[in-house]
Amino acid sequence: MKTVTDTFKILSLMFGPSRTRSRSVYDLLGRDYNLGQDTRYLNLGYWKDANDYDTACRNLALLLGQRAEFKRDDKVLDVGCGFGEQDSLWMKMFNPGQITAINITPLQIETAWERQAHPRIQYQVASATELPFASESFTKIIGLESAFHFDTREAFLKEAFRVLKPGGKLILADIYPYKTPANPAEWAFTWLIGGFWQIPLANSYDETTYRQKLSQAGFKDIQIEDIAKHVWKPFQHYAQERVNAPEIRKRVHPLIRKSWGTPTDVTNMIAYGIIEAHK
Ligand SMILES: C[S@@+](CC[C@H](N)C(=O)[O-])C[C@H]1O[C@@H](n2cnc3c(N)ncnc32)[C@H](O)[C@@H]1O
C-alpha cells in the first residue's frame, strides 16, 4: 500500500505545478529512501578520494567544515541539516562552540535528536528563509546542499546576512545551472528536471547572477569553486550499482531507484559550487 501511495506522491511532485514543496520531498523520502549504509546523509558526495556513498558524503561535509575554519568560540547555524550527520562530524572534527541546526522537515529533526544528541548541538524545525533568530546571532552559517531548495535562495541570503555577526562567514555547497535559462524551451526543461526535487524556478541562475545576489544581500569577498567533476559522474556511477543492492531494493521505491540509477550526464549543465562569502 505504501508503494502505491508513494507512487502517487512521486508523480505529483514530478508533474504537479508546484516547485516549492521541498518539505514534501523529504517527508516522502522518510527514513528509508536513501543510499547510505552507516549514515543518513542526503547529498551527492565529494568523490575525489571516495569509493562509497557514506565516505563521499562525509568527505563533502569535511570539505565544507575545513572551508568554514571552525573555532571554539564559533556560534554556527547549519541550514537544511537533514538528519544532522554533518553536525556531529563537525563537532567531533573541528569542535566549534555551538551548532544550531535547522530543517523544514520535522521527521528529520526528530531523527537527528534521536541519533545525534550532543550537548552543544541544537536541532530545530525552521525555514532558512524566515530565520527565527535575532540579528547578529551567529559567526558562521553553513549549508550542505540545501540552498537550491529554499524559496527563494535570495530570501535566504538576506536572512543569512541579517543573522550573521559582522566579520562572519557564509559557506554553502550548492547546485545551480551553468547557464541561466534564456527561452521558454529552456525554462520548460528546467521546470521538468527540477520537478521531483521541488527546485524553485527562481533559483535557476548561473554563477555570475549568484555572485550578484550575494553582493546585493551585502556579502563581500565572494569565492565560488566548482567541484562538479568530483560530484555528478562518480555519484551516478556509484548509484547505478548501489540501487540494485538487495537492501536498497527492499527499502527504496522503484521510481526513486530508477531516478538514482539512470545515468543522465548533467556535468556540462549543472554546477556544484562551494561558495564562501563574508559579512
Ligand atoms: C539535499 S538535503 C541535504 C541534507 C543534509 N545537509 C545532508 O547533506 O545530508 C536538503 C535539506 O534541506 C532541507 N530544506 C529544504 N528546504 C528548506 C528550508 N526552506 N529551510 C530549511 N531546510 C530546508 C530539507 O528538509 C533537507 O533536509
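Anything mentioned here points back to the structure above.
What comes next concerns the included structure.

Basis of the calculations
Residues numbered from 1 in each chain as written. Predicted model: local features only at pLDDT ≥ 70, side-chain atom pairs only at ≥ 80, totals over all residues. Heavy atoms only, no water. Near = heavy atom within 4 Å. Polar contact = N/O pair within 3.5 Å; in protein donor to acceptor, adjacent residues only side chain to side chain. Areas by Shrake-Rupley, 256 points an atom, 1.4 Å probe, with all protein chains shown as cover. 1 Å grid on protein atoms, 1.4 Å probe; cavity = no way out; pocket = protein on both sides within 12 Å on 5 of 7 lines; lining within 4 Å. Sits in = over half its atoms within 2 Å of the grid points. Salt bridge = Lys/Arg side-chain N within 4 Å of Asp/Glu carboxyl O. Helix = DSSP H or I, 4+ residues; strand = E, 2+ residues; numbered from the N terminus. Buried < 20%, exposed > 50% of the residue type's maximum accessible area, 1.4 Å probe, protein only. Points joined across faces, edges and corners; volume = space filled by probe spheres on them.

The next point concerns the site of the ligand. Not every one of the 21 residues close to the ligand is listed here, only the nearest: L42, N43, N103, T105 and Q108. One of the side-chain N or O atoms of N103 is found 2.7 Å from an oxygen atom in the ligand. When isolated, the ligand has an accessible area of 600 Å², and the protein chains bury 98% of it. At a threshold of 2 Å from the grid points, most atoms of the ligand map onto the second largest pocket.

Let us look at the pattern of salt bridges. The tally for this structure, following the rule as stated, stands at 15 salt bridges. Residues K169 and E69 are paired through a salt bridge, measuring 2.9 Å at the closest nitrogen-oxygen approach. Here the residue K169 occupies a position in strand β5 (residues 164-177), and E69 occupies one in the loop between α3 (53-68) and β1 (75-79), the gap between them amounting to 100 residues. With a closest N to O distance of 3.1 Å, E207 and R211 form a salt bridge. Of this pair, E207 and R211 are both found in helix α8 (residues 207-217), four residues apart, which corresponds to roughly one turn of the helix. Judged by relative accessible area, which is 29%, R211 ranks as partly exposed. Counted as one network, the salt bridges with shared partners bring together R31, E110 and E114.

Our focus in this paragraph is the layout of surface pockets. Over the atoms rolls a probe the size of a water molecule, and in doing so it shows where empty space is left. Here the largest pocket is characterised by a volume of approximately 1400 Å³. Lining the largest pocket we find 45 residues, and of these I193, W197, W232, V266 and I270 sit closest to its centre. Elements with a minimum of two residues in the lining of the largest pocket: α1 (2-15), α2 (22-29), β5, α7 (184-193), α9 (232-242) and α11 (254-261). The computed volume of the second largest pocket comes to approximately 430 Å³.

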